[in-house]
Amino acid sequence: MADDKKLTTRAADFSAWYNELVLRAELADYAPVRGCMVIRPNGYGIWERMQRQLDDMFKATGHVNAYFPLLIPQSYLSKEAEHVEGFAPETAVVTHGGGKLLEEPLVLRPTSETIIYSMFAKWVQSYRDLPILINQWANVVRWEMRTRLFLRTLEFLWQEGHTAHATHDEAESETRRMLGVYRTFMEQYMAMPVITGQKTESEKFAGALRTYACEAMMQDNKALQAGTSHNLGQNFAKAFELKFQSAEGTEEFAWNTSWGVSTRMVGGLIMTHSDDKGLVCPPRLAPIEVVIVPIFRSDEDKARVLEAADKLKATLGSFERPEHLRRRIHIDAREGMKPGAKYYEWELRGVPLRMELGPRDLDAGQCVIVRRDTGTKQPIPLVELETALPALLEQMQSELRANALARREANSIRERISYDKFKEVMAGNGGFVYAGWCGDPAVEAQVKEETKATIRCIPDPEFRSAEPPTTCMVTGRPATCEVLWAKAY
RNA sequence: CGGGACGUAGCGCAGUCCGGUAGCGCACCUGAAUGGGGUUCAGGGGGUCGCGGGUUCGAAUCCCGCCGUCCCGACCA
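Reference entry: report on the structure contained in this document. Keep in mind that what you see is a predicted model, and the values were worked out from it rather than measured. (Residues numbered from 1 in each chain as written. Chains lettered and ligands numbered in written order. Predicted model: local features only at pLDDT ≥ 70, side-chain atom pairs only at ≥ 80, totals over all residues. Heavy atoms only, no water.)

### Here we look at the overall build of chain A
Helix and strand counts for chain A come out as 14 helices and 23 strands. Expected size for 489 residues packed as a compact globule is a radius of gyration near 23 Å; at 25 Å, chain A falls within 12% of this value. Principal-axis analysis of the C-alpha atoms places the extent of chain A at approximately 80 × 55 × 50 Å. With 489 residues in all, chain A has 53% of them scored as buried. By sequence separation, contacts in chain A at least 24 residues apart represent 70% of the contacts at least 6 residues apart. (Helix = DSSP H or I, 4+ residues; strand = E, 2+ residues; numbered from the N terminus. Rg over C-alpha atoms; globule rule 2.2 N^0.38 Å. Buried < 20%, exposed > 50% of the residue type's maximum accessible area, 1.4 Å probe, protein only. Contact = heavy atoms within 4.5 Å.)

Take a look at the structure:
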């Protein structure tokens, strides 16, 4: 921080910019334990709004919430071979309780497939007991080597949906449906466009049949995996004896899915929209939509302006209004701080709209509204705020999404390029590269080794090229599919 | 766990080479003025200098050990 008041710029050091923004906007802070963070009210408020929206969407798609315990017998994790291989290296293990060595160590859940499907096995007898459509909001622990605020911490908050079905096809359509829910949420609420698609064998979830993901592009052109949805097949059902009797009387293993998004999305939101002045928060997820900065000199003016501000908040923000008509308003009435200083602070914190309200405005029956993303100022008559505020907020919401989409496409390469050119791109500005792939995992490994880029996904049809690639970018062999390459978080 | 940097007031740092009264900026508290883009003046509070040991009359400073944090790798939502 050369200048004490300004953030390091994105261009100078994206990583430093991100860290400083998170800390100074008071979204999160480092905790005493390495790799752990405290999510402060400004950051938690965003997560809460994400939760509320997603929870509504899960309920609307037929899911119910439940809660399973944090502690899982270590042996459970070992019951599915690929699963234990994938997660064992990063589990935290409890060996003592009440001062005594435990007979069997307990792991802090890195994810809850094992405990949940072991319980499903108790609850399911018949095909009539299916499907089970459960979600839980929880914390999980993964002992990562390198951590970053929101993007990768030892403990993080998430939701994990877990379902059980009678058939493969039903499980598959559930897997796809929830990926679609994530996509809708990310686009409509986070204003963050995503590429959806399937993960390759090497990138899929440990223990899954197939993994699908939403991949977003951050402002440094790196990809962020923002949500995953897994078709688990019968792998866990077999490990935990999750069986049911079919209508035909036969005994069958159930088909499971799991899907999750985490507090990592807060990091994605930050890196998608924010600028060198601080956070830019999409209005729909902003804990505060409008901050009123009162301006006054004399005591008379002060009383008059604050009264007007209170009145605006009491009417436009009244809890008696239906939520979509209720504005989330904060009045910054702090004494001894000049308006300019407040402007900078609320810009750092990402409040979408700022309302400047002073004696001159009141005389004219108006206020001045400033948009956080564009900085544009406009006077608005007080009597029109009721309709003007939601219109401005929605306009900002959709422009943020459109801008993020334009930026992603401007940094995507869809024409066929040579592997040499690809190396240049990845060594330079990076970005998303669509290319043919022969399907050989060794090629993935080689490219990762040489360029640090990985296959983010095999994009869903709507994201694929009009002209499908016929050869592998790396080997020149016939392509089995088109893939999306990028360096990732 | 490998490579690098660092640990001194809430935050950012100087002081360490060359041992001798613990400092600066911001933040914070009090008062007054100020108030439409980071306000000014005056006064004030706050530290076992990461921890442990050693050398010395005397250690933030020198030596040894440990712990922790951040950045770059290998691992990952």
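Alright, that's what it looks like, and here's the rest.
### What to know about unusual backbone geometry
The peptide bond linking L130 to P131 adopts the cis configuration, its omega dihedral lying at 0°. The residue P131 is located in the loop between helix 5 (113–123) and strand 7 (132–141) in this model. Residue F150 is not a glycine yet carries a positive backbone phi of 70°. Classification of F150 by relative accessible area gives buried; the value is 2%.

### Quick notes on the pattern of salt bridges
Applying the stated criterion to the full structure yields 38 salt bridges. Note that E394 is salt-bridged to R284, the shortest N-O span being 2.9 Å. Here R284 lies in the loop between helix 8 (264–273) and strand 15 (290–294) and E394 lies in helix 12 (residues 385–410), a separation of 110 residues in the sequence. For the salt bridge of E289 with R328, the shortest nitrogen-to-oxygen distance reads 3.5 Å. Placement of the pair is E289 in the loop between helix 8 and strand 15 and R328 in the loop between helix 9 (299–316) and strand 16 (329–331), with a sequence separation of 39 residues. An identical accessibility class is assigned to E289 and R328; each is buried. One network of salt bridges, with partners in common, ties together E26, R40, D332, R334, K342, E345 and R349. (Salt bridge = Lys/Arg side-chain N within 4 Å of Asp/Glu carboxyl O.)

### Re empty space enclosed by the protein
Counted under the stated rule, the structure contains 2 cavities of 30 Å³ or more. Considered as a void within the structure, the largest cavity measures approximately 90 Å³ in volume. Lining the largest cavity, in full, are K277, V291, Y343, W346, E347, V351, L353, R354, V370, R371, R372 and G375. Elements represented by at least two residues in the lining of the largest cavity include exactly helix 10 (339–349), strand 17 (353–357) and strand 18 (366–371). Among the elements that take part in the lining of the largest cavity, helix 10 stands out by supplying 3 residues, more than any other. Looking at the second largest cavity, its volume works out to about 40 Å³. Lining the second largest cavity are L316, R321, L325, R327, E386 and P390. (1 Å grid on protein atoms, 1.4 Å probe; cavity = no way out; pocket = protein on both sides within 12 Å on 5 of 7 lines; lining within 4 Å. Points joined across faces, edges and corners; volume = space filled by probe spheres on them.)

### Some thoughts on the pairing of strand 7
With 10 of 10 residues buried, strand 7 lies mostly within the body of the structure. Going residue by residue along strand 7, you find I132, I134, Q136, A138 and V140 tucked away on one face and L133, N135, W137, N139 and V141 tucked away on the opposite face as well. Taken together, the 2 bridges between strand 3 (residues 64–65) and strand 7 define a ladder with parallel strand orientation. Residue pairing in the sheet places N65 in a bridge with N135 of strand 7. Pairing analysis gives 10 bridges linking strand 7 to strand 8 (residues 155–165), with the strands arranged antiparallel. By the bridge assignment for strand 8, A138 is matched with W158. (Pairing = 2+ DSSP bridges.)

### Here's the deal with the layout of surface pockets
Approximately 1,400 Å³ is the volume attributed to the largest pocket. For the largest pocket, the lining is made up of 48 residues, of which R142, E144, E203, Q225 and R264 are closest to its centre. Elements that contribute at least two residues to the lining of the largest pocket include exactly helix 4 (81–87), strand 8, strand 11 (223–233), strand 14 (255–262), helix 14 (441–451) and strand 22 (454–459). Residue composition of the lining of the largest pocket, by class: 15 nonpolar, 16 polar and 17 charged. (Nonpolar A, V, L, I, M, F, W, Y, C, P; charged D, E, K, R; others polar.)

### Some thoughts on the sheet that holds strand 4 (residues 71–73)
Taken together, the 3 strands give an open sheet; going across it, the order is 4-6-5, and neighbouring strands pair in antiparallel fashion. Two strands in the sheet have a free side with no partner beyond their single neighbour: strand 4 and strand 5 (93–97). Ignoring which end each strand starts from, the neighbouring axes of this sheet average 50° apart. By the bridge criterion, 4 bridges tie strand 5 to strand 6 (residues 100–108) in an arrangement that is antiparallel. Looking at strand 6, one finds that H96 is bridged to L101. (Axes fitted to C-alpha atoms, helices over the stretch in contact; angles between N-to-C directions.)

### Some words on the protein's contact with RNA strand B
Around RNA strand B, the structure places 38 residues, and the nearest of them are R34, R146, R152, T153 and D361. Counting only the atoms of RNA strand B within 4 Å of the protein, the fraction contributed by sugar and phosphate is 43%. N19 is positioned with one of its side-chain polar atoms (N or O) 3.4 Å from a phosphate oxygen of RNA strand B. Interatomic distance of 2.5 Å between a backbone N/O atom of T153 and a base nitrogen of RNA strand B. Secondary structure elements with two or more residues in the surface near RNA strand B: helix 10, strand 17 and helix 11 (359–364). With 6 residues, helix 10 is the single largest residue contributor to the surface near RNA strand B. Looking at the surface near RNA strand B residue by residue, the classes come out as 13 nonpolar, 7 polar and 18 charged. (Near = heavy atom within 4 Å. Polar contact = N/O pair within 3.5 Å; in protein donor to acceptor, adjacent residues only side chain to side chain.)

It is worth stressing that arrangement in space is one thing and function is another; only the former is reported here.
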